[in-house]
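Summary of the model geometry
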Amino acid sequence: MKDLTQGSIPKHLISMALPMMIGMLIQTLYFIVDLYFVGKLGSAALAGLSLAGNAMFLIFALTQILNVSTAALISHAVGAKDQQDANLTFNQSMMLSTVVGIIVCIIGYFGAQDYLNLISQDSETVMMGLTYLHWFIPCMALQFIMVSISSALRGTGIVKPTMVIQTLSILLNIILSPILITGWGSGYAMGIAGAGFASSLSVIFAVVLLCYYFITTDKYVSVDFSLWHINVPRIKKLLAIGLPAGGEFFLMFVYMGAIYWLIKPFGAEAQAAFGLGSRVMQALFLPAMAIAFAAPAIAGQNFGAQNYQRVRDTFRWTAIMTCSLMAIILLICLSQAEWMLTHFSDDREVILISVAFLQMICWNFVPAGLVFTCSGMFQALGNTMPALLSTATRLITFILPALWLSKQSDFQIEQLWYVSVATVCLQSSVSFYFLKREFKKRLPNDNLSNECSDELNKNKLIT
C-alpha cells in the first residue's frame, strides 16, 4: 500500500502516472501497428476495424462501472485504515467481473452482425468487422478481470505491477499482430482476423500474469472466495458510484455510433477516415489521460482521510498538467496531421478526410483535458453522476444539430466536426460547474474545520 495523504501532490501524480504513461505509450505503438497493417488491407478493412473497435466503448462502459467504483471505495477504505472493507469491495468486484465477462462473450457472438449492419451499408466493411470481432470478443470478455485487479491495486496506491504486466501484454500484441495479419514466418496470413486474435492472446497472457502476481505476493487486498457470495449492500455501493461513470462511456459509444451512422452515405472511405483519425487522436490523448487516471487514487485517499485541502490541490495540479499536455497535442495536430496519417492508408481520399477531421477536432483538446480532470475528481469523491450529466449534455447538444444538418441538401461531413468542438467546450463548462458545486457541498473549509476542532479540544480540557 502507498500512502498518498502525505508528501508532494505533483510528485505523487507523476510517480503514479509515469508507469501508466509508459504503458499507454506502448499501447499507442500497438494502435499504430494495428492501423498500419490493417490499413494495407484496404479501406474496407480499415473501416471494418474502426466500426468493430467502436464496440470497445461499450466494453469500456461496462468495465468502467467496476473500474471507478472499485478504485474509489478501496481508496476510501485505505484512507480510513479499514482493510476488511477494502477486501470485501475487491472480492465483490471480482465476482461481478467474472459473471459480466461471460455474459458479454455470449451476447457478442450472437449480436455482432446486427450491430455492424446498423451502422454500415457496405457489405464488405460489415464482413471485415464481423471477422475481426469473432476473434476479438475473448479479449473484450477478459477485460473485466483485468480491470477489477488493476483498479483494486490503484485504489491502494499501487500501479507499477499492473502497468508492467499490461506493457508486456501490449508488447506481445505488437509482435503477434504483423505475424498473424501478414503471415510472417508461418506463411498463413489471417488478415484482419489476425489483429483480433493477437489482441485476445495478449490479454490471456496478461490475465495469467496478474493472477500469478496475486497468488505469490503480499498485498492489501486478496482473493477470498468466501466473500464471493452476493452482498447486496456492497453491490449497491459499487453500482451507485460505477453506473454513472459507465454511463459516460456508454454515451460515448452512442456518440461514436451516431457519427458512423450519419456518415455512412459518404461511403466506406469516410468511415475509414473517421476511424483512422479517431484512433490516432485517442493514441495522442494517452499521456494526458494517464495523469487524469492517477488523480482519483490520490484525491480519494485524501478524501477518506478528510484532508480536504489536498483534494482541492490534486484537482488544481491535475488540471494544469492535463490541459498543458492537450495544448501540446493540439499544436502537433495542426502542424503534423498529414505526416501522422499518410503511413496508415494508400487511399488519398481517406487521408484527406482524416487530416481535415484532426485539424478541426483538435480545437476541443484543451477543454477535453478539463473534462478528464473533472471526471477523475468525481470518481475520487464517490459521486460520478455529475460526470454522466455533463456527457449527456454533450451528446444531446451534438445529436440534435447533427441530425438536422444531415437532412439538409448541402450537408458536408466537416459540419459534424464543428458541432463536436462546440459541444466539448460546453461539456467542459458544465463539468467544471458541477465540480465546484460538489467541492462546496462535500469539502468543508479546512481552516474552519481546524478552528472547530481546536475549540472542541479546549472545551474538553475545561470539562
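Residues numbered from 1 in each chain as written. Predicted model: local features only at pLDDT ≥ 70, side-chain atom pairs only at ≥ 80, totals over all residues. Heavy atoms only, no water.

Glancing now at the overall build of the protein. In terms of helices and strands, the protein carries 15 helices and zero strands. A principal-axis box enclosing the C-alpha atoms of the protein has dimensions of 80 × 50 × 35 Å. In the protein, buried positions account for 59% of the 463 residues. Long-range contacts, defined here as pairs at least 24 residues apart, represent 85% of the contacts in the protein between residues at least 6 apart. Total accessible area computed for the protein in this model is approximately 19,500 Å², and 67% of it derives from carbon and sulfur atoms. (Helix = DSSP H or I, 4+ residues; strand = E, 2+ residues; numbered from the N terminus. Buried < 20%, exposed > 50% of the residue type's maximum accessible area, 1.4 Å probe, protein only. Contact = heavy atoms within 4.5 Å. Areas by Shrake-Rupley, 256 points an atom, 1.4 Å probe, with all protein chains shown as cover.)

Before going further, it helps to examine the nonpolar core. Membership of the largest hydrophobic core comes to 118 residues, with the highest contact counts inside it found for Leu 276, Val 280, Leu 358, Phe 365 and Trp 417. Take this core: its biggest share by element is 15 residues, from helix H5 (residues 123–155). For this core, the domains that each give at least three residues are domain 1 (1–230) and domain 2 (244–443). Counting residues in hydrophobic clusters, the runner-up holds 17 residues, among them Phe 303, Tyr 308, Ala 380 and Leu 435. (Core = buried A, V, L, I, M, F, W, Y, C linked by side-chain atoms within 4.5 Å. Domains from an automatic or database assignment.)

In this section: the packing of aromatic side chains. A full pass over the atoms with the stated rule returns 17 aromatic pairs. When the ring of Phe 274 is compared with that of Phe 357, the centres are 5.4 Å apart and the planes differ by 85°; the resulting orientation is edge-to-face. Taken together, the residues span a long stretch of sequence, with Phe 274 in helix H9 (residues 268–304) and Phe 357 in helix H11 (residues 348–361) at a distance of 83 residues. Neither residue differs from the other here; Phe 274 and Phe 357 are each classed as buried. Seen from their ring centres, Phe 315 and Phe 439 are 5.9 Å apart, and the 85° between their planes marks the pair as edge-to-face. Of the two residues, Phe 315 sits in helix H10 (residues 308–341) while Phe 439 sits in helix H14 (residues 414–442), which places them 124 residues apart along the sequence. Each member of the pair, Phe 315 as well as Phe 439, is classed as buried. An aromatic cluster of at least three residues, connected via ring pairs, comprises Tyr 260, Phe 274, Phe 357 and Trp 417. A cation over a ring is seen here: Arg 394 above Tyr 255, with NZ or CZ 4.4 Å from the ring centre. (Phe/Tyr/Trp six-rings, centres within 6.5 Å; stacked < 30°, edge-to-face > 60°. Lys NZ or Arg CZ within 6 Å of the ring centre and 35° of its normal.)

Structurally, Pro 244 is set in helix H8 (residues 232–263). Pro 244 gets classed as buried once you look at its relative accessible area, which sits at 4%. Excluding anything up to four places from it in sequence, Pro 244 contacts Leu 239, Thr 384, Met 385 and Leu 388.

This part covers the pattern of salt bridges. Enumeration over the complete set of coordinates arrives at five salt bridges. Here Arg 316 makes a salt bridge to Asp 313, at a shortest N to O gap of 2.9 Å. Of this pair, Arg 316 and Asp 313 both sit in helix H10, three residues apart, which is roughly one turn of the helix. Assessed through its relative accessible area of 41%, Arg 316 is described here as partly exposed. Owing to a relative accessible area of 18%, Asp 313 belongs among the buried residues under this scheme. (Salt bridge = Lys/Arg side-chain N within 4 Å of Asp/Glu carboxyl O.)

Our next topic: a nonpolar patch on the surface. On the surface, Ile 102, Ile 106, Tyr 109 and Phe 110 cluster together into a nonpolar patch covering about 470 Å² of accessible area. Here Tyr 109 lies in helix H4 (residues 83–119). The class for Tyr 109 is partly exposed, based on a relative accessible area of 37%. (Patch = residues over 30% accessible without salt bridge, like charges linked within 9 Å, V, L, I, M, F, W, Y side chains within 5 Å.)

In this section: the confidence of the model for the protein. The predicted coordinates ought not to be read in detail in places where the model reports low pLDDT. Of the residues in the protein, 90% reach a pLDDT of 70 or more, and the chain-wide mean stands at 82. No element of the protein has a lower mean pLDDT than helix H15 (residues 446–462), at 42, and none a higher one than H14, at 92. Scored below 50 in pLDDT, residues 447–463 makes one contact in the model with residues more than four places away or belonging to other chains. (pLDDT = per-residue confidence, 0-100.)

We now examine the domain arrangement of the protein. The domains assigned to the protein are domain 1 (1–230) and domain 2 (244–443). If you average the C-alpha positions of domain 1 and of domain 2, the two centres end up 20 Å apart. Opposite the 60 residues of domain 1 that make contact, domain 2 presents 56 residues. Buried area between domain 1 and domain 2, both sides added, is near 4,800 Å², and the carbon and sulfur share of it is 71%. Viewed at the interface, domain 2 and domain 1 are joined by zero salt bridges. Between domain 1 and domain 2 we count two residue pairs in polar contact (both at pLDDT 80 or more) in total. Where the side of domain 1 that touches domain 2 is concerned, the elements lending two or more residues are helix H1 (9–39), helix H2 (43–53), helix H3 (55–79), H4 and H5. (Buried area = accessible area lost by both parts, 1.4 Å probe. Polar contact = N/O pair within 3.5 Å; in protein donor to acceptor, adjacent residues only side chain to side chain.)

Moving on, we come to helix H12 (residues 365–381). Over its 17 residues, H12 runs 25 Å from end to end, which matches the ideal 24 Å to within 8%, given 1.5 Å per residue. Counting buried positions along H12 gives 14 out of 17 residues, so the element sits mostly inside the fold. The first or second residue beyond H12 is Gly 382, which carries a positive phi of 80°. (Expected span 1.5 Å × (residues − 1).)

Moving on: the packing of H2 against H3. Two numbers describe how H2 lies on H3: the axes approach to 4 Å, and their chain directions differ by 20°. Judged by the angle between their axes, H2 and H3 are roughly parallel. Between H2 and H3, the contacting residues are Leu 51, Ala 52 and Gly 53 on the first element and Ala 55, Met 56 and Phe 57 on the second. (Axes fitted to C-alpha atoms, helices over the stretch in contact; angles between N-to-C directions. Parallel < 35°, antiparallel > 145°, perpendicular 65-115°, else oblique.)

The subject of this paragraph is the packing of H2 against H5. Between two packed helices, both the angle of their axes relative to each other and the distance between the axes serve to describe the pair. As a packed pair, H2 and H5 sit with axes 7 Å apart at the nearest point and diverge in direction by 55°. Overall, the two elements H2 and H5 adopt an arrangement that is oblique. Like other packed secondary-structure pairs, H2 and H5 cross with a definite hand, here right-handed. Listed contacts from H5 to Ala 44, Ala 45, Ala 47, Gly 48, Leu 49, Leu 51 and Ala 52 of H2 are Glu 124, Thr 125, Met 128, Gly 129, Tyr 132 and Leu 133. Its residues assigned to classes, the contact of H2 with H5 shows nine nonpolar, three polar and one charged. (Left-handed = near helix turned anticlockwise from the far one by under 90°. Nonpolar A, V, L, I, M, F, W, Y, C, P; charged D, E, K, R; others polar.)

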